[in-house]
Amino acid sequence: MADTPTSLWRAALRPRMLGLLVVLLAAAAVCGRLGAWQLERAEVRGVASAEREAARIVTADPEPLTGLLAPGETFSGDLVARKAVVTGTYDDDATLLVTGREHDGRTDGYLVLTPLRVPTADGEAVLPVVRGWSPTADVAAAPAGDVEVVGWLQVAEEAGSALADGRTDAISAAQLLAAWGGPIYTGYLVVQSSDPPDPATADGLDGLDPPTRAGSGLNVQNLAYAAQWWIFGLFAVGLWWRLVRDEAAGRPPLPGDQVPQDAEPRVDAT
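The paragraphs below set out a description of the structure included in this document. What you see is a predicted model; the values in this text were computed from it and never measured.

Scoring rules and cut-offs
Residues numbered from 1 in each chain as written. Predicted model: local features only at pLDDT ≥ 70, side-chain atom pairs only at ≥ 80, totals over all residues. Heavy atoms only, no water. Patch = residues over 30% accessible without salt bridge, like charges linked within 9 Å, V, L, I, M, F, W, Y side chains within 5 Å. Areas by Shrake-Rupley, 256 points an atom, 1.4 Å probe, with all protein chains shown as cover. Salt bridge = Lys/Arg side-chain N within 4 Å of Asp/Glu carboxyl O. Lys, Arg positive; Asp, Glu negative; His and termini not counted. Charge placed at Lys NZ, Arg CZ, Asp CG, Glu CD. Helix = DSSP H or I, 4+ residues; strand = E, 2+ residues; numbered from the N terminus. Phe/Tyr/Trp six-rings, centres within 6.5 Å; stacked < 30°, edge-to-face > 60°. Lys NZ or Arg CZ within 6 Å of the ring centre and 35° of its normal. Buried < 20%, exposed > 50% of the residue type's maximum accessible area, 1.4 Å probe, protein only. Arc of directions from axis to C-beta. Contact = heavy atoms within 4.5 Å. Polar contact = N/O pair within 3.5 Å; in protein donor to acceptor, adjacent residues only side chain to side chain. 1 Å grid on protein atoms, 1.4 Å probe; cavity = no way out; pocket = protein on both sides within 12 Å on 5 of 7 lines; lining within 4 Å. Points joined across faces, edges and corners; volume = space filled by probe spheres on them. Nonpolar A, V, L, I, M, F, W, Y, C, P; charged D, E, K, R; others polar.

**Thoughts on a negative patch on the surface**
- A cluster of acidic residues, Glu-102, Asp-104, Asp-206 and Asp-209, forms a negative patch at the surface.
- As for its position among the elements, Glu-102 is in the loop between β3 (96-98) and β4 (110-120).

**Considering the packing of aromatic side chains**
- The final tally for this structure, using the stated rule, is one aromatic pair.
- With 5.8 Å between their ring centres and 90° between their planes, Trp-229 and Phe-232 make a pair best called edge-to-face. With a gap of three residues between them, Trp-229 and Phe-232 both fall in helix α4 (residues 220-249), about one helical turn apart.
- The residue whose ring lies beneath Arg-131 is Tyr-90, and the NZ or CZ to ring-centre distance is 5.9 Å.

**Structural notes on unusual backbone geometry**
- Backbone torsion omega between Gly-182 and Pro-183 reads 5°, so that peptide bond is classified as cis.
- You can see Pro-183 is positioned in the loop between α3 (173-180) and β8 (187-195).
- Each neighbour pair has its own omega, and for Asp-195 with Pro-196 the value is 5°, a cis peptide bond.
- Positive phi, close to 55°, is recorded for Asp-104, a residue that is not glycine.
- Within the secondary structure, Asp-104 is located in the loop between β3 and β4.
- Relative accessible area serves as the criterion here: at 70%, Asp-104 is assigned to the exposed category.

**Thoughts on α3**
- Here α3 has its buried residues at Ala-173, Gln-175, Leu-176 and Trp-180. Viewed along the axis of α3, the buried residues span an arc of 160°, placing them on a single side of the element. Exposed residues pointing more than 90 degrees away from the buried face of α3 are listed as Ala-174 and Ala-178.
- On its buried face, α3 is in contact with β3, β4, β5 (123-134) and β7 (167-168).
- After α3 finishes, the residue Gly-181 shows a positive phi value of roughly 85°.

**What about a nonpolar patch on the surface?**
- A cluster of nonpolar side chains, contributed by Trp-9, Leu-13 and Leu-18, occupies part of the molecular surface with about 340 Å² of accessible area.
- Relative to the helices and strands, Leu-18 is located in helix α2 (residues 15-59).

**Quick look at the side chain of Ser-194**
- For Ser-194, the position within the fold is in strand β8.
- For Ser-194, the side chain forms a polar contact with the main-chain oxygen of Pro-196, separated by 2.9 Å.
- Here the side chain of Ser-194 touches Asp-198 through a polar contact of 3.4 Å, landing on its backbone nitrogen.
- In contact with Ser-194, not counting residues within four places along its chain, are Val-147, Glu-148 and Val-149.

**What about the pattern of salt bridges?**
- The final tally for this structure, using the stated rule, is six salt bridges.
- Two residues, Arg-117 and Asp-91, come together in a salt bridge whose shortest N-O distance is 3.0 Å. Of the two residues, Arg-117 sits in strand β4 while Asp-91 sits in the loop between β2 (83-90) and β3, which places them 26 residues apart along the sequence.
- For Asp-91, a relative accessible area of 24% translates into the label partly exposed.
- Asp-198 serves as the salt-bridge partner of Arg-131, at 2.7 Å between the closest nitrogen and oxygen. One end of the pair, Arg-131, is in strand β5; the other, Asp-198, is in the loop between β8 and α4, with 67 residues separating them in the sequence. Neither Arg-131 nor Asp-198 differs from the other in exposure class; each is buried.

**Some details on the side chain of Thr-114**
- With respect to the helices and strands, Thr-114 occurs in strand β4.
- A polar atom in the side chain of Thr-114 sits 3.1 Å from the side chain of Arg-131.

**Focus: the layout of surface pockets**
- Approximately 300 Å³ is the volume found for the second largest pocket.
- Among the residues forming the lining of the second largest pocket, the class breakdown is eight nonpolar, two polar and five charged.

In structure tokens, the structure reads:
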């Protein structure tokens with residue numbers, strides 16, 4: 001025999017519903033805490049993984065640029081932070097200062113961006129090279145003649161404001177193509193070392209850290225576990241609300257419920 005339909009409020013205040021609420025809220029709290037713990041583990045393991053990856057990138061052997069990227073070729077995501085070695089000649093007169101970039105907490109300096117003229121099978125191509133970060137606009141000239149540069153690849157950026165007074169706010173292949181000519185590479189190189197050494201390093205030009213890849217910082221597996229625990233917690237709360245609705249609508253008797261003595265048994269017609 002089903003209960004008489006009632007309001008949601010009355011159904012929610014019935015002792016058995018309140019008891020279920022306490023149990024399910026406790027379960028939801030446990031799930032929430034387990035999810036937070038997994039998130040903490042994701043951060044800890046993610047940081048450790050990022051540190052190992054950063055050390056690997058710094059100590060990796062450089063690969064010839066010709067085997068990684070060709071002028072005008074689309075820059076794929078797996079090339080970010082790949083260490084490359086290339087030989088060419090700096091065009092120091094075309095050096096640009098990139099504004100608005102932070103380095104060691106400072107934003108009042110500049111990235112020094114110089115085109116490297118690279119010999120290729122089809123002629124000469126232009127590789128944008130970030131030689132480092134300078135606290136002033138007065139930067140020593142790049143090494144003259146042939147120079148071997150080792151550094152990390154990074155994808156070129158979206159176009160920014162127009163180049164003016166030897167300065168730019170974006171390392172954009174399209175804008176650099178218009179300023180420097182081409183063909184041009186769709187990525188740029190962040191210098192780790194050069195042979196011969198860059199004279200500007202003696203005048204305060206700081207080297208930069210390797211580029212970071214997207215998605216670093218959190219362990220994906222632990223992050224998924226955290227999401228699962230939080231979903232379980234929401235499910236527990238949702239289950240109680242569903243049970244309240246069923247209670248308010250008049251639930252059928254559960255096994256073990258007492259049936260009134262005056263209730264006449266149902267006889268199916270034959």
